[in-house]
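Listed below, chain by chain, are the residues.
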Number of protein chains: 2
Amino acid sequence: MIILGLDPGLGTTGWGLIFADGNRLSHIANGQIRTETAAALPERLVALDAALTDLILEHRPTGAAVEEVFVNANPQSTLKLGQARGVVLLNAARSGMQVGEYAARLVKKSVVGVGNASKDQVHAMVARLLPGAKISGPDAADALAVAITHAHMQASAKALGRVRF
Amino acid sequence: MIILGLDPGLGTTGWGLIFADGNRLSHIANGQIRTETAAALPERLVALDAALTDLILEHRPTGAAVEEVFVNANPQSTLKLGQARGVVLLNAARSGMQVGEYAARLVKKSVVGVGNASKDQVHAMVARLLPGAKISGPDAADALAVAITHAHMQASAKALGRVRF
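Every chain begins its residue count from 1, and numbering advances along the sequence as written. Note on labels: chains are lettered from A, ligands numbered from 1, in written order. Given that the model is predicted, a residue must reach a pLDDT of at least 70 before its local features are reported, and side-chain atom pairs must reach 80 or more before they are shown or counted; all residues, however, enter totals for whole chains, interfaces and linings. Calculation of side-chain values draws on the structure's entire complement of heavy atoms; hydrogens and water are dropped beforehand.

Trainee: Give me the interface of chain B and chain A: which residues, what numbers.
Mentor: By definition in these notes, contact holds between two residues if any of their heavy atoms fall within 4.5 Å. The interface of chain B with chain A comprises 22 residues on the first partner and 22 residues on the second. Summed over both partners, the accessible area (1.4 Å probe) lost when two parts come together is defined as the buried area. Summing both partners gives a buried area of about 2000 Å² for chain B against chain A, and 78% of it is carried by carbon and sulfur. A per-residue breakdown of the area chain B buries against chain A is headed by B:Pro42, B:Leu79 and B:Leu90, which together make up 25% of the total. Here, a salt bridge means any side-chain nitrogen of Lys or Arg that lies within 4 Å of a carboxyl oxygen of Asp or Glu. Counting across the chain B and chain A interface gives 2 salt bridges.

Put into structure tokens, the structure is as follows:
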């Protein structure tokens, strides 16, 4: 299956596509969608939505995964993130994919082996698990990490004879 | 012009449609879109998006308006609101409408005449400005209030010979 991992943000949304066959993973593509900070909010959301639609039409992922959110101390940042996250979840679900949501701790544990791994450790481990991947930036690395987590969860669920999200 | 006012929320999104000819206003319809609290977040956002699309296809509004957000003290509530608000702004903008955003104080001042009006005063004034309107609930009243504000702003802008949002 082709898994689309997403790390939503109004300014930058990271994305990463991997191919997963059980626990065997390979990298397909990754990148970061940026929206114009000078544009009005509705237009930024439309641009984000359009870029995601293009991505999904091009790669036809079969599943999507998003990290459960870190609620920022700054409520305005949380609101901005929420607005972008709403668009990202809507777009993925509207494309007919089931969307897995995973806590940050679970993503770190799944990729690095410990729930309190640093951002650098996650990045390094993603690069190791997906040899040959040129990672566009920190948001793309986070998106690939959540895609890897989704693949692991699916493989475990299959091993247990059931499907979980 | 037909103005769609929106009061976004994940559980309940209020909407109100008015017809505006300069400062002359009349009520078209209003209501509240509810999403299943038991459903997963992506599905709730898809349901909200689909209900808005139906509404816009049925009534063909020419403009939309949303209140600028009151940031809740509870960051989880802010995030939920943000996710719903992102979907609402995206849907309206994707339909080709320009979306006006107005601060709560401006909405109150525009509808009641004072920026610190109570919710009840706003509700009562909306009912007076739109005679015959049967208001579905507090979120629909807020949606009609922001639609009225948008109409006033457009009328003032026109009187001044320019268009503002």
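Text resumes after the structure shown.
Trainee: With reference to specific residues and values, describe the UniProt feature "binding site: Mg(2+) 1" (unreviewed entry) in chain A.
Mentor: Residue and element names in this part refer to chain A. UniProt positions are given in the numbering used here, feature names are shortened, and annotations may be inferred rather than shown by experiment. Mapped onto this numbering, the UniProt entry gives "binding site: Mg(2+) 1" (unreviewed entry) at Asp 7 and Asp 139. The greatest C-alpha distance among the residues just named is 6.1 Å, despite their covering 133 residues of sequence, which places them together in space. Inspection of the secondary structure puts Asp 7 in strand 1 (residues 2-7). With sequence-adjacent residues up to four places away left out, Asp 7 is seen in contact with Thr 12, Thr 13, Gly 14, Asp 139, Asp 142 and Ala 143. Here Asp 139 lies in helix 5 (residues 138-159). Only protein chains enter the accessibility calculation, which uses a 1.4 Å probe; a residue is then buried when its area is under 20% of its type maximum, exposed when over 50%, and partly exposed in between. The class of Asp 139 is partly exposed, set by a relative accessible area of 21%. Residues in contact with Asp 139, not counting those within four places in the same chain, are Asp 7, Thr 12, Gly 14 and Gln 32. Under the scheme used here, helices are H or I runs from DSSP no shorter than 4 residues and strands are E runs no shorter than 2 residues, and both carry numbers assigned from the N terminus.

Trainee: Tell me about the sheet that holds strand 1 (residues 2-7) of chain B, and name the residues and values.
Mentor: All names here are of chain B. Ordered by their spatial adjacency, 5 strands build an open sheet running 3-2-1-4-5, and the pairing between neighbours is mixed. Because the sheet does not close on itself, it has two edges, and the strands there are strand 3 (24-34) and strand 5 (99-102). For this sheet the average axis-to-axis angle between neighbouring strands, irrespective of direction, equals 20°. Strand pairing follows a simple DSSP-based rule, namely that at least 2 bridges must link the two strands. Note that strand 2 (residues 12-21) and strand 3 share 10 bridges and pair antiparallel. Directly across from Thr 12, in strand 3, lies its bridge partner Arg 34. Fitting a line to C-alpha atoms yields each axis, with helices limited to the stretch in contact; the angle taken between N-to-C directions then spans 0 to 180 degrees.

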